[in-house]
Number of protein chains: 4
Amino acid sequence: MDPEAVKKSLTETTVDAFALQSPCFFDTLVNDGLRIDLVEPGRVLCSYAVPPRLSGPGNYLHGGVVATLVDVVGSSAFLSAGLRTTGVSLDINVSYLDVAFIGEEIEIDAKVLRAGKTVGVVSVEVRKKGSGKLIAQGRHSKYLAVSSKL
Amino acid sequence: MDPEAVKKSLTETTVDAFALQSPCFFDTLVNDGLRIDLVEPGRVLCSYAVPPRLSGPGNYLHGGVVATLVDVVGSSAFLSAGLRTTGVSLDINVSYLDVAFIGEEIEIDAKVLRAGKTVGVVSVEVRKKGSGKLIAQGRHSKYLAVSSKL
Amino acid sequence: MDPEAVKKSLTETTVDAFALQSPCFFDTLVNDGLRIDLVEPGRVLCSYAVPPRLSGPGNYLHGGVVATLVDVVGSSAFLSAGLRTTGVSLDINVSYLDVAFIGEEIEIDAKVLRAGKTVGVVSVEVRKKGSGKLIAQGRHSKYLAVSSKL
Amino acid sequence: MDPEAVKKSLTETTVDAFALQSPCFFDTLVNDGLRIDLVEPGRVLCSYAVPPRLSGPGNYLHGGVVATLVDVVGSSAFLSAGLRTTGVSLDINVSYLDVAFIGEEIEIDAKVLRAGKTVGVVSVEVRKKGSGKLIAQGRHSKYLAVSSKL
């Protein structure tokens, strides 16, 4: 397990990451402000108050951002399981169960279900922080043998 | 069918939409530059060259953006089917089949599979524009009776 | 909560249910022998040794049966949550994580994530009974207002 | 492409395949009677009248059978694409769009979206035969390098 790799993957930003042309702009946009509350082997738990920049038209967390959190926080959980790569996405699915309004504290809890030599799967829950009420549950499958051909 | 509603949902931006605090910042971020190539009843076809701001770490279109395109272009297809609402997301799934590098021309093709009174489903393909090679295939289920309780 | 309704939905068979023409043949085929180990509000836990009749070509539990267990045990969990209907399926997804050979003891654990007026979602895990090792994780969305139009 | 391999995978039955203890009982149960209407490279189209044995409680095709058809007909499409294996299931998802009553003619249309060295994806539609109306749309991801470790 490598907590530093998790931290680096989720929080490292360069001085101009918020410039639209920065190569890590989109990741920074979604991750900026994310607190890493817990890193265990195969599990990463993060939280933040939903930032206004990630709102959809209804003034709550955009569904595309929820899917992106399943992607990026889910990916970081493979690092917590000791892998040196977060691989390449094969499949993402998300069930939307409730909304999270701007400013609400949410937590993102990613648990590795399988980390094989070639394919890994992680389950991700997005919850309201106080009540634990589910906002979304998703799964993310990744191809982990990235040096060879998919 | 209402092509104007489709156009409005995908391309309307205000002067400061790119300000991080704008309520439509995230939609604008993903949609800005999108050309609407075709609107038929139950189908919307869009295209653009992958903008640098939507890159992931590998210099290709971020997986979270692909999921967001399945969300937003898929939603607009319900408007093309004559619905007055794009509803609320129930479920999104995406299979990632290839990558799209920054600058590559891609098209996003959304087709309504079902538009019932309560629940609708749309299928969305993301393809390379010249070859038609698939980048991703996804589905998006929505709750359409938004005035009543989910 | 109605444990009797759960029991009835999963175990009731008629004398000739194993006749190919019986209207509940397929459910009986998959469910026969299933033990209901726990019923709580919103949760049903079942188990059995994988019966030879549910084998796929590789001598392990058929992937189609795993999806059917996500369907039927997942549906019964809505009864445990006090609903009078198990609704109509909207969406099922399953990630396959390991195989279960004929004769292996497995458990199927279904938890309701959301039971709204119209739409419900249940998460289902299939595990090896001793070790708890995951065989599959799935989700099942249902339309619950079955008297009105989908 | 090998049409014979497709045919063999979907229709070969032994004299006692309908015996509950037969190793191919479940496949035979779902596939028996299936007509192979078309085999092209990467595509298999089948049809049959929904047999009574595959009914769910509502007198229409069981949702678990639809998922199994996405599994088995989808798998056969990899053989039509020239692969020598149908691989091991990674992920199956199905959206249910309409019901198919007992006796209704349905067709199952499987198209390979990707057949890489390691991972393949197939899209499967289940439709009413006359009208082409969709009953379900699903996707099935498979691990194709079965001799090596998942």
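Residues numbered from 1 in each chain as written. Chains lettered and ligands numbered in written order. Predicted model: local features only at pLDDT ≥ 70, side-chain atom pairs only at ≥ 80, totals over all residues. Heavy atoms only, no water.

Chain A has the name Acyl-coenzyme A thioesterase 13 in an unreviewed UniProt entry, where Canna indica is given as its organism. Quoted straight from UniProt, the Catalytic activity (unreviewed entry) entry for chain A says "a fatty acyl-CoA + H2O = a fatty acid + CoA + H(+)". (UniProt positions renumbered as here; feature names shortened; annotations may be inferred.)

> Could you give an account of the overall build of chain A, naming the residues involved and the relevant values?
Broken down by element type, chain A carries three helices and six strands. Its helices and strands in sequence order give chain A the pattern α-α-β-β-α-β-β-β-β, from N to C terminus. For chain A, buried positions account for 58% of its 150 residues. For chain A, contacts bridging at least 24 residues in sequence account for 64% of all contacts bridging at least 6. Of the accessible surface of chain A, which amounts to about 5,600 Å², a share of 53% is contributed by carbon and sulfur atoms. (Helix = DSSP H or I, 4+ residues; strand = E, 2+ residues; numbered from the N terminus. Buried < 20%, exposed > 50% of the residue type's maximum accessible area, 1.4 Å probe, protein only. Contact = heavy atoms within 4.5 Å. Areas by Shrake-Rupley, 256 points an atom, 1.4 Å probe, with all protein chains shown as cover.)

> Lay out the pairing of strand S3 (residues 88-96) of chain C in plain terms, naming residues and giving numbers.
Burial of S3 of chain C is extensive: eight of the nine residues sit out of reach of the surface. Here S3 of chain C pairs with strand S6 (residues 134-143) of chain C via eight bridges, running antiparallel. Across the sheet, Ile 92 of chain C pairs through a bridge with His 140 of chain C, a residue of S6 of chain C. Across five bridges, the pairing between S3 of chain C and strand S3 (residues 88-96) of chain D is antiparallel. Considered in S3 of chain D, the bridge of Asp 91 of chain C is made with Ser 95 of chain D. (Pairing = 2+ DSSP bridges.)

> Before we move on, could you go through the relation of the copies chain A and chain B and cite the residues and values that matter?
Here chain A sits on chain B after a turn of 180 degrees about the axis and a move of 0.0 Å along it, with an RMSD of 0.0 Å. Here the symmetry operator amounts to a two-fold rotation axis. Relative to the rotation axis, the closest C-alpha in chain A is found at Asn 93 of chain A, a distance of 2.0 Å. (Least-squares fit on C-alpha atoms with pLDDT ≥ 70 in both.)

> Let's hear about the interface of chain A and chain B: which residues, and what values?
Tallying the contact residues gives 32 residues for chain A and 32 residues for chain B. For the pairing of chain A and chain B, the buried interface totals around 2,500 Å² over both sides, and the portion due to carbon and sulfur atoms is 57%. In this structure, the connection of chain A to chain B is made through zero salt bridges. On inspection of chain A and its partner chain B, the count reaches twelve residue pairs in polar contact (both at pLDDT 80 or more). Counting residues per element, the ones that place at least two in the side of chain A that touches chain B are helix H2 (25-31), helix H3 (63-80) and strand S3 (88-96) of chain A. For the side of chain A that touches chain B, the leading source of residues is S3 of chain A, giving nine residues. Residues of the side of chain A that touches chain B, tallied by class, amount to 18 nonpolar, ten polar and four charged. (Buried area = accessible area lost by both parts, 1.4 Å probe. Salt bridge = Lys/Arg side-chain N within 4 Å of Asp/Glu carboxyl O. Polar contact = N/O pair within 3.5 Å; in protein donor to acceptor, adjacent residues only side chain to side chain. Nonpolar A, V, L, I, M, F, W, Y, C, P; charged D, E, K, R; others polar.)

> Mind laying out the interface of chain D and chain A, listing which residues take part and the relevant values?
Counting from both sides, the interface comprises twelve residues of chain D and, opposite them, twelve residues of chain A. Summed over both sides, the interface between chain D and chain A buries roughly 930 Å², with carbon and sulfur atoms accounting for 50% of that surface. Linking chain D with chain A are zero salt bridges. Linking chain D with chain A are two residue pairs in polar contact (both at pLDDT 80 or more), by the criterion used here. Taken together, the elements giving at least two residues each to the side of chain D that touches chain A come down to S3 and strand S6 (134-143) of chain D. When its residues are assigned to classes, the side of chain D that touches chain A shows four nonpolar, three polar and five charged.

> Would you mind going over helix H3 (residues 63-80) of chain C in detail, with residue names and values included?
Residues and elements named next belong to chain C. Compared with an ideal rise of 1.5 Å per residue, which puts 18 residues at 26 Å, H3 spans 26 Å between its outermost C-alpha atoms and is within 8% of the ideal. For H3, a buried count of 18 out of 18 residues is recorded, marking the element as mostly surrounded by other parts of the structure. Two residues or fewer after H3 comes Gly 82, characterised by a positive phi angle close to 95 degrees. (Expected span 1.5 Å × (residues − 1).)

> Kindly report on the sheet that holds strand S2 (residues 43-49) of chain A, identifying the contributing residues and their values.
Read from one edge of the open sheet, twelve strands run S1(A)-S2(A)-S4(A)-S5(A)-S6(A)-S3(A)-S3(B)-S6(B)-S5(B)-S4(B)-S2(B)-S1(B), paired in antiparallel fashion. What marks the edges here is a single partner per strand, and that holds for strand S1 (35-40) of chain A together with strand S1 (35-40) of chain B. The average angle at which neighbouring strand axes cross in this sheet is 15 degrees, direction not considered. Of the strands in this sheet, S1 and S2 of chain A touch helix H1 (residues 3-11) of chain A, which is tilted by about 150 degrees from S1 of chain A. The strands that helix H1 (residues 3-11) of chain B touches are S1 and strand S2 (43-49) of chain B; relative to S1 of chain B, the one it contacts most, it runs at about 150 degrees. (Axes fitted to C-alpha atoms, helices over the stretch in contact; angles between N-to-C directions.)

> Please set out the environment of Val 124 of chain D residue by residue, giving values where relevant.
All names here are of chain D. When you line up the elements, Val 124 lands in strand S5 (residues 119-128). Relative accessible area serves as the criterion here: at 0%, Val 124 is assigned to the buried category. Each C-alpha atom, one on Val 124 and one on Gly 82, is 18 Å from the other, the two residues being 42 residues apart in sequence. Those residues in contact with Val 124 that sit more than four places away from it in its chain are Val 70, Gly 74, Ile 108, Asp 109, Ala 110, Ala 136, Gln 137 and Gly 138.

> Provide a residue-level description of the packing of H3 of chain A against helix H3 (residues 63-80) of chain B, including the pertinent values.
At a minimum axis distance of 8 Å, the contact between H3 of chain A and H3 of chain B shows a crossing angle of 150 degrees. Judged by the angle between their axes, H3 of chain A and H3 of chain B are roughly antiparallel. Relative to H3 of chain B, the crossing made by H3 of chain A is right-handed. Along the contact surface, H3 of chain A presents Gly 63, Gly 64, Val 65, Ala 67, Thr 68 and Asp 71 of chain A, while H3 of chain B presents Gly 63, Gly 64, Val 65, Ala 67, Thr 68 and Asp 71 of chain B. When the residues that make up the contact of H3 of chain A with H3 of chain B are grouped by side-chain class, the tally is four nonpolar, six polar and two charged. (Parallel < 35°, antiparallel > 145°, perpendicular 65-115°, else oblique. Left-handed = near helix turned anticlockwise from the far one by under 90°.)

> Describe in detail the pattern of salt bridges, supporting the description with residues and values.
A side chain of one charge can pair with a side chain of the opposite charge if their charged atoms are brought near each other. Applying the stated criterion across every chain yields a total of 36 salt bridges over all chains. Arg 127 of chain B is paired through a salt bridge with Glu 107 of chain B; the nearest N and O atoms lie 3.2 Å apart. Taken together, the residues Arg 127 of chain B in strand S5 (residues 119-128) and Glu 107 of chain B in strand S4 (residues 105-115) connect sequence positions 20 residues apart. Glu 107 of chain B carries the same exposure label as Arg 127 of chain B, and that label is buried. Through salt bridges with shared partners, a single ionic network connects Glu 40, Arg 43, Glu 107, Asp 109, Glu 125 and Arg 127 of chain A.

> Provide a residue-level description of the sheet that holds strand S4 (residues 105-115) of chain C, including the pertinent values.
Spatial ordering of the open sheet is given by S1(C)-S2(C)-S4(C)-S5(C)-S6(C)-S3(C)-S3(D)-S6(D)-S5(D)-S4(D)-S2(D)-S1(D), a layout of twelve strands whose pairing is antiparallel. The open sheet has two edge strands, strand S1 (35-40) of chain C together with strand S1 (35-40) of chain D, and neither has a second partner. Direction aside, neighbouring strands of the sheet carry axes that sit 15 degrees apart on average. Here S5 of chain D pairs with S6 of chain D via nine bridges, running antiparallel. Looking at S6 of chain D, one finds that Val 122 of chain D is bridged to His 140 of chain D. In this fold helix H3 (residues 63-80) of chain D packs onto S1, strand S2 (43-49), S3, strand S4 (105-115), S5 and S6 of chain D, with an angle of close to 130 degrees to the strand it touches most, S3 of chain D.

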